[in-house]
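For reference, the chains in residue letters:
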Amino acid sequence: MRASVMPTSNRAGGPQPPVAVSALGLRKSYGDRTVLDGIDLRIPAGSVFALLGPNGAGKTTVVKILSTLVTADGGQAQVAGHDIATSPDGVRAAIGVTGQFSAVDGLITGEENMLLMADLHHLSKREGRRVAAELLERFDLTDVARKPAQSYSGGMKRRLDIAMTLVGDPRIIFLDEPTTGLDPRSRHNMWQIVRELVSGGVTVFLTTQYLEEADELADRIAVLNGGRIAAEGTADELKRIVPGGHVRLRFADPGAYRSAALTLRDATLPEDPGSAEALTLRIPSDGSQRELRSILDWLDAAGIEADELTVHTPDLDDVFFALTGSGRPNQPEEAVR
């Protein structure tokens, strides 16, 4: 069952941004295995969309269909205003794809990789050298540009991979597991690259095995499970659909604690009164401003003062476990083609 999370409204009441990617009822099977069983998507231009799912869920298959690398068995989709079935060349001209496995040729230099990509985009030699130099500098690869790419670190290869993707100046980029295998510093550097791309108006479609990455980068997140979108929304919206959120009140005054415990029916007392959690109450809450105001109003009306109020909401791990019934997302992406 798909969790119902409504799209965020346009508070200013102005026009909605154009749609960069849309899909309706996408279906795909391999033999007797249904990988996608009716996928609907709507991704605004200039945003980051993250697709999460357990190993084998079909995330890479979605990317391959939308980038015209494989054909869907059913449904329809438009990318950059082009139908993937009737105008695949239009789609390819507007997108860039960085797969989970690097497209870098390790036997040639970084600069030669860039120039090869420029040739594939039919740029003149002069224009190709200009674009290559600019992108190598942008991705901090100028100092190693003339060294064989096989000598690069994992983070450097990934930066070169994305730089190659940008040679054609795509407005929509598919990043399939872009930070898999990178150390934390390289991963954070990659996040900054994504932010800079989006600030320049690029739309990023991201698949990732790191829930923190989706939480950090994505404007909207969809969880793919069993061939369907189990839930979609902002990170905060998704966290609110999972039970377990609560407000924690801590009291220094035992009398105030007892008064609050007696009158607040929904409060949960600590299991061990002698623990460090003594004189604390937990109140179920979705963490919304309305509920917090209600709790504070209640405390004021009762003349009770809490010494500390903290809000605890489920994180994306909790959302993922609840929606998929599995462990952390894939290590690595699906074995499905």
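Basis of the calculations
Residue numbering note: each chain is counted from 1, following its sequence as written. Under the rules for a predicted model, residues below a pLDDT of 70 receive no local features and side-chain atom pairs below 80 are neither given nor counted, while totals for whole chains, interfaces and linings still include all residues. Just so you know, side-chain values use all the structure's heavy atoms and leave hydrogens and water out. Ring geometry is summarised as follows: Phe, Tyr and Trp rings, the Trp one being its six-membered ring, pair when their centres sit within 6.5 Å, and such pairs are stacked at plane angles under 30 degrees, edge-to-face over 60 and tilted between the two. Here a strand is any run of E in DSSP of at least two residues, a helix any run of H or I of at least four, and the numbering for each starts at the N terminus. When accessible area is computed with a 1.4 Å probe and restricted to protein chains, residues below 20% of their type maximum are described as buried, those above 50% as exposed, and intermediate ones as partly exposed. Lysine NZ or arginine CZ positioned within 6 Å of the ring centre and within 35 degrees of the ring normal marks a charge as sitting over the ring. If DSSP finds at least two bridges between two strands, the strands pair. To obtain an axis, a line is fitted to C-alpha atoms, over the contacting stretch when the element is a helix, and the angle between two such axes runs from 0 to 180 degrees between their N-to-C directions. A contact between two residues is defined here by any heavy atoms of the two lying within 4.5 Å. By construction, the arc corresponds to the directions joining the helix axis to the C-beta atoms.

Q: Tell me what's going on with the packing of aromatic side chains, and back it up with residues and numbers.
A: This model, assessed by the stated rule, comprises three aromatic pairs. Ring centres of Phe49 and Phe205 lie 5.3 Å apart, and the angle between their planes is 50°; on these two criteria the pair is classed as tilted. You can see Phe49 sitting in strand S3 (residues 48-52) and its partner Phe205 sitting in strand S8 (residues 203-207), a full 156 residues away along the chain. Phe205 carries the same exposure label as Phe49, and that label is buried. Its guanidinium or amino end placed over the ring of Tyr210, Arg187 lies 4.0 Å from that ring's centre, counting from NZ or CZ.

Q: Give me the lowdown on the sheet that holds S8, citing residues and values where you can.
A: On the basis of which strands lie adjacent, the open sheet formed by six strands has the order S6-S7-S8-S3-S9-S10 and mixed pairing. Strands at the two margins of the open sheet, each flanked by one partner only, are strand S6 (95-98) and strand S10 (228-233). Each strand of the sheet is rotated relative to its neighbour by a mean of 15°, with strand direction disregarded. By the bridge criterion, four bridges tie S3 to strand S9 (residues 220-225) in an arrangement that is parallel. Residue pairing in the sheet places Ala50 in a bridge with Ile221 of S9. Contacts between helix H1 (residues 59-66) and the sheet are confined to S3, strand S7 (172-176), S8 and S9, with S8 contributing the most and set at about 145° to the helix. Where helix H11 (residues 316-324) meets the sheet, its contacts fall on S9 and S10, and the angle it forms with S9 comes to roughly 30°.

Q: Explain helix H9 (residues 254-263) residue by residue, including any values.
A: Considered for burial, the residues of H9 that qualify are Ala256, Tyr257 and Ala260. Angular distribution of buried residues about the axis of H9 spans 100°; they occupy a single face of the element. Along H9, the residues that are exposed and aim more than 90 degrees away from the buried face are Arg258 and Leu262. For H9, the secondary structure elements touched by its buried residues are strand S12 (280-284) and helix H10 (289-302).

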